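Listed here are the chains, written in short residue letters.
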Amino acid sequence: MPTNELTQANTTLKSVFGFDDFRPGQADVITALLAGRPALAIFPTGGGKSLCYQLPALLMPGLTLVISPLIALMKDQVDQLHKLGVAAAKLDSTLTADDAREVYNRMEAGTLKLLYVAPERLGNEGFRVRLRRTKLSMLAIDEAHCISEWGHNFRPDYLKIAAFAQELGVDTILALTATATPAVAADVRAAFQIAEADHVQTGFHRPNLTLRVHRCTAEQRIDKLIERLRQQGGGATIVYVTLQRTAERVAEALDRAGLPGNGSKAARVAVYHAGLKSERRSEVQDAFMAGDVSIVVATIAFGMGIDKADIRAVYHYNLPKSLEGYSQEIGRAGRDGVASRCELLASAEDQAVLDNFSYGDTPTDTALHGLVTELFAGGEQFSVSRYRLSRDHDIRPLVVATVLTYLELEGVLRATGPFYAGYKVQFITSQREIIGRYNPDRSAFLRDVFAAGAMGRTWLALDPAA
């Protein structure tokens, strides 16, 4: 790094982030980015990946766009940056129309330094148009292993990010992940044209974590978990399970056993899985972060948005789906450097469940042929429903999305954007008052729209095709 850039980076590290020195690997990544080169950072959980783009973002003239997979993760990052006085924002489904408009205004005014979005937002043509009018200095992709079909939680929308970067002409790109096999790392480097010299990877060994595996039968497992939790003597704990119903059953058993049993406010067990309403999931996460819940029994839906330093134990009640997933999940323990335990209750009975996941994600040749044949018969322009295709061809919705993405990348299809078959509107003020807020042309348009709908007791139903 040139002397002046090194001085600036060190000054910013101290003045904004409050650190005296870079952690291993950080300076190498930041050097590449400030030189305008793309880089891949594979650091263990808690290794300081976020600083690798947050610091150079402050030294670059324009906006840094951060692609992140979870709303909770984006919120956590933006809240931390606000505390540091950094101009950061997120665009997600939790924002009101006024909030989103304010973010767009800040983008156009050039007053934002970091903007966090989910990969799905890149498919929004209106957002892409706004980005083209914005000076974009850098693109950071969190959980970058998701761009590889060999990653442990592959997401098709990640595949489009490389083409998106080329479309916008962004050369300074940072791909970040905590775990990646050599094959996944090679996929990521190829997608973003990252030189091997700018692939920065630090060690995964963390001496404060004790890893144990206990062989047991499915019947012995709950008693073994209760025994281990009692021996542990408290502290924030995550118990990972494979199925939602298992999470509910295990949490009930821990409650009946009186765990964590210290009589404190934090003596609570909570459940977290994708089957819960989003409001409840947020409540559980917030309570765990605040220390009001000691033990969370969860599926892998819980974790990416958790930046809690004092998790004393991570238990795997079921076999993990992959080695990469296991590595990332246990990495949430002991980020404060204090001794923590990671224990796996290994039962051979879990193999059948994991096999079913693999078979379910692998469609037959016949099913794929039927799906592709239907798509090719759609003509030059057609609409599809992923869920209908999934039902008709017996292929899981995520796999259908993957097929559509690969066809798009091969130039066979081009997605023009999502649409809705119908809309329902609930008026919080009268139609007359809404219409009166606009000029005559817009008022006439709104009057026609409202007149085209079917008004029920509460909702106005609108059919775009009508």
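All values derive from a computational prediction rather than experimental measurement.

Reading guide: rules and limits
- Each chain carries its own residue numbering, running from 1 in the direction its sequence is written.
- Totals for whole chains, interfaces and linings use all residues, but because this is a predicted model, local features are given only for residues with pLDDT of at least 70 and pairs of side-chain atoms are given and counted only at 80 or more.
- Excluded from the side-chain calculations are hydrogens and water; all other atoms, namely the structure's heavy atoms, are used.
- The disulfide definition used here is simple: a pair of cysteine sulfur atoms within 2.5 Å.
- Buried, partly exposed and exposed residues are distinguished by accessible area as a fraction of the type maximum, computed with a 1.4 Å probe on protein chains only: under 20%, between the cut-offs, and over 50%, respectively.
- Only buried residues count toward a nonpolar core. Its members are Ala, Val, Leu, Ile, Met, Phe, Trp, Tyr and Cys residues joined through side-chain atoms within 4.5 Å.
- Counting from the N terminus, the helices are DSSP H or I runs at least four residues long and the strands are E runs at least two residues long.
- Note on definitions: a residue-residue contact is assigned when non-hydrogen atoms from the two residues lie within 4.5 Å.
- Orientation is described by axes fitted as lines to C-alpha atoms, over the contacting stretch for helices, and by angles from 0 to 180 degrees between their N-to-C directions.
- An angle below 35 degrees is treated as roughly parallel, one above 145 as roughly antiparallel, one from 65 to 115 as roughly perpendicular, and anything else as oblique.
- The sense of a crossing depends on the near helix, which, turned anticlockwise from the far helix by less than a right angle, makes the crossing left-handed and, turned clockwise, makes it right-handed.
- In what follows, salt bridge is the name for a side-chain nitrogen of Lys or Arg lying within 4 Å of a carboxyl oxygen of Asp or Glu.
- Between any two strands, at least two bridges found by DSSP are needed for them to pair.
- Points on a 1 Å grid, built from protein atoms alone, make a cavity when a 1.4 Å probe fits but cannot get out and make a pocket when they are open with protein on both sides within 12 Å along at least 5 of 7 lines; residues with an atom within 4 Å of a point are the lining residues.
- Grid points are joined across faces, edges and corners, and a volume is the space filled by probe spheres set on the points.
- Three classes are used: nonpolar for Ala, Val, Leu, Ile, Met, Phe, Trp, Tyr, Cys and Pro, charged for Asp, Glu, Lys and Arg, and polar for all others, with Gly counted as polar.
- With its strands directed away from the observer, a crossover is right-handed exactly when the path from the first strand over the helix to the second travels clockwise.

Visitor: Describe the state of the cysteines, with residues and values.
Guide: Under the definition given, this model contains 0 disulfides. Looking at Cys-52, it has no disulfide partner, and the nearest cysteine sulfur is the one in Cys-146, 18 Å off. On the accessibility criterion, Cys-52 (0% relative accessible area) is buried.

Visitor: Quick one: what's the story with the nonpolar core, residue by residue and with numbers?
Guide: Grouped together as the largest cluster of nonpolar side chains are 38 residues, with contacts concentrated most on Leu-65, Leu-115, Phe-127, Leu-131, Leu-139 and Ile-141. For this core, the leading source of residues is helix H7 (residues 161-168), giving 5 residues. Contacts of Phe-127, omitting those with residues within four sequence positions, involve Leu-65, Leu-91, Tyr-104, Met-107, Leu-115, Val-117, Arg-121 and Leu-122. One finds Phe-22, Val-29, Tyr-53 and Met-60 within the second-largest nonpolar core, a separate group that totals 32 residues.

Visitor: Give a detailed account of the packing of helix H14 (residues 365-376) against helix H15 (residues 386-393), specifying residues and quantitative values.
Guide: Packing of H14 against H15 brings their axes to within 10 Å, and their N-to-C directions diverge by 135 degrees. Taken together, the axes of H14 and H15 are oblique relative to one another. Taken as a pair, H14 and H15 cross one another with a handedness that is right-handed. The residues of H15 that touch H14, namely those facing Ala-367, Gly-370, Leu-371, Glu-374 and Leu-375, are Arg-388, Leu-389 and His-393.

Visitor: Just give me the short version of the pattern of salt bridges, but keep the residues and values in it.
Guide: Working definition: two side chains of opposite charge can pair if their charged atoms are close together. The tally for this structure, following the rule as stated, stands at 21 salt bridges. Its salt-bridge partner being Arg-312, residue Asp-336 comes within 2.8 Å of it at the nearest N-O pair. In this pair, Asp-336 is assigned in the loop between helix H12 (323-330) and strand S13 (340-346) and Arg-312 in strand S12 (residues 311-316), connecting sequence segments 24 residues apart. Owing to a relative accessible area of 34%, Asp-336 belongs among the partly exposed residues under this scheme. By relative accessible area, which is 19% here, Arg-312 ends up buried. Between Asp-392 and Arg-391 there is a salt bridge whose closest N-O contact spans 3.2 Å. Judged by its relative accessible area of 60%, Arg-391 falls in the exposed class. A cluster of three or more residues bridged by salt bridges with shared partners is formed by Arg-212, Arg-228, Arg-341 and Glu-343.

Visitor: So what's going on with the sheet that holds strand S16 (residues 459-462)? Residues and values would help.
Guide: Ordered in space as S14-S16-S15, the 3 strands form an open sheet in which the pairing is antiparallel. With partners counted over all chains shown, the strands left at the sheet margins are strand S14 (423-426) and strand S15 (454-455), one partner each. Direction of pairing for S14 relative to S16: antiparallel, over a ladder of 4 bridges. Within S16, the residue paired with Lys-424 across the bridge is Ala-461.

Visitor: Explain the layout of surface pockets to me, using residue names and the numbers behind them.
Guide: Unoccupied space between atoms shows up once a probe the size of one water molecule is rolled over them. Empty space within the second largest pocket amounts to approximately 300 Å³. Lining the second largest pocket are 17 residues, and of these Pro-44, Thr-45, Gly-46, Gly-47 and Arg-206 sit closest to its centre. Looking at the lining of the second largest pocket residue by residue, the class counts come to 4 nonpolar, 9 polar and 4 charged.

Visitor: I'd like a description of the pairing of S12, backed by residues and values.
Guide: Within S12, 6 of the 6 residues are buried, leaving the element largely enclosed by the surrounding structure. Summarising the sheet, strand S9 (residues 236-240) and S12 pair through 5 bridges and their orientation is parallel. Residue pairing across strands places Thr-237 opposite Ala-313, the latter belonging to S12. In the classification by handedness, the crossover that spans S12, the intervening H12 and the parallel S13 is right-handed.

Visitor: Can you explain the packing of helix H2 (residues 26-34) against helix H3 (residues 51-59)? Please cite residues and give values.
Guide: Viewed as axis vectors pointing N to C, H2 and H3 meet at an angle of 40 degrees, and their least axial separation amounts to 9 Å. On the basis of the axis angle, H2 is oblique to H3. Considering only the axes of H2 and H3, their crossing is right-handed. Across the interface between the two elements, Gln-26, Val-29, Ile-30, Leu-33 and Leu-34 from H2 touch Leu-51, Cys-52, Leu-55, Pro-56 and Leu-59 from H3. Considering only residue class, the contact of H2 with H3 consists of 9 nonpolar, 1 polar and no charged.

Visitor: Lay out the environment of Arg-230 with the relevant residues and their values.
Guide: Along the chain, Arg-230 falls in helix H9 (residues 221-232). Beyond its immediate stretch of four places on either side in the chain, Arg-230 contacts Ala-257 and Leu-259.

Visitor: Requested: an account of empty space enclosed by the protein, with residues and values cited.
Guide: One pass over the structure, following the stated rule, counts 1 cavity of 30 Å³ or more. Within this model, the largest cavity holds a volume of roughly 50 Å³. Residue lining of the largest cavity: Leu-229, Gln-232, Gly-234, Gly-235, Thr-237, Leu-259, Pro-260 and Ile-295, and that is the complete set. Broken down by class, the residue content of the lining of the largest cavity amounts to 4 nonpolar, 4 polar and no charged.

Visitor: Now, about unusual backbone geometry: what can you tell me, with residues and values included?
Guide: A positive phi angle is found at Glu-143, which is not glycine, with a value near 55 degrees. Following the sequence through the fold, Glu-143 ends up in the loop between strand S5 (136-141) and H7. Here the phi dihedral of Gln-193 falls at roughly 55 degrees; this positive angle occurs in a residue that is not glycine. Position of Gln-193 relative to the elements: it lies in the loop between helix H8 (182-192) and strand S7 (199-201).

Visitor: Requested: an account of the sheet that holds strand S4 (residues 114-117), with residues and values cited.
Guide: Pairing is parallel across the open sheet formed by 7 strands, whose spatial order is S3-S4-S2-S5-S6-S1-S7. In this open sheet, the two edge strands, each paired with only one partner strand, are strand S3 (88-91) and S7. Shown here is a sheet whose adjacent strand axes are inclined to one another by a mean of 20 degrees, direction ignored. Sheet topology note: the S3/S4 ladder contains 4 bridges and is parallel. Opposite Ala-88, over in S4, you have Leu-114 as the bridge partner. The sheet strands contacting H2 are strand S1 (39-42), S5, strand S6 (173-177) and S7, and the helix crosses S1 at an angle near 165 degrees. Packing against the sheet, H8 makes contact with S1, S5, S6 and S7, and its axis sits at approximately 155 degrees to S1.

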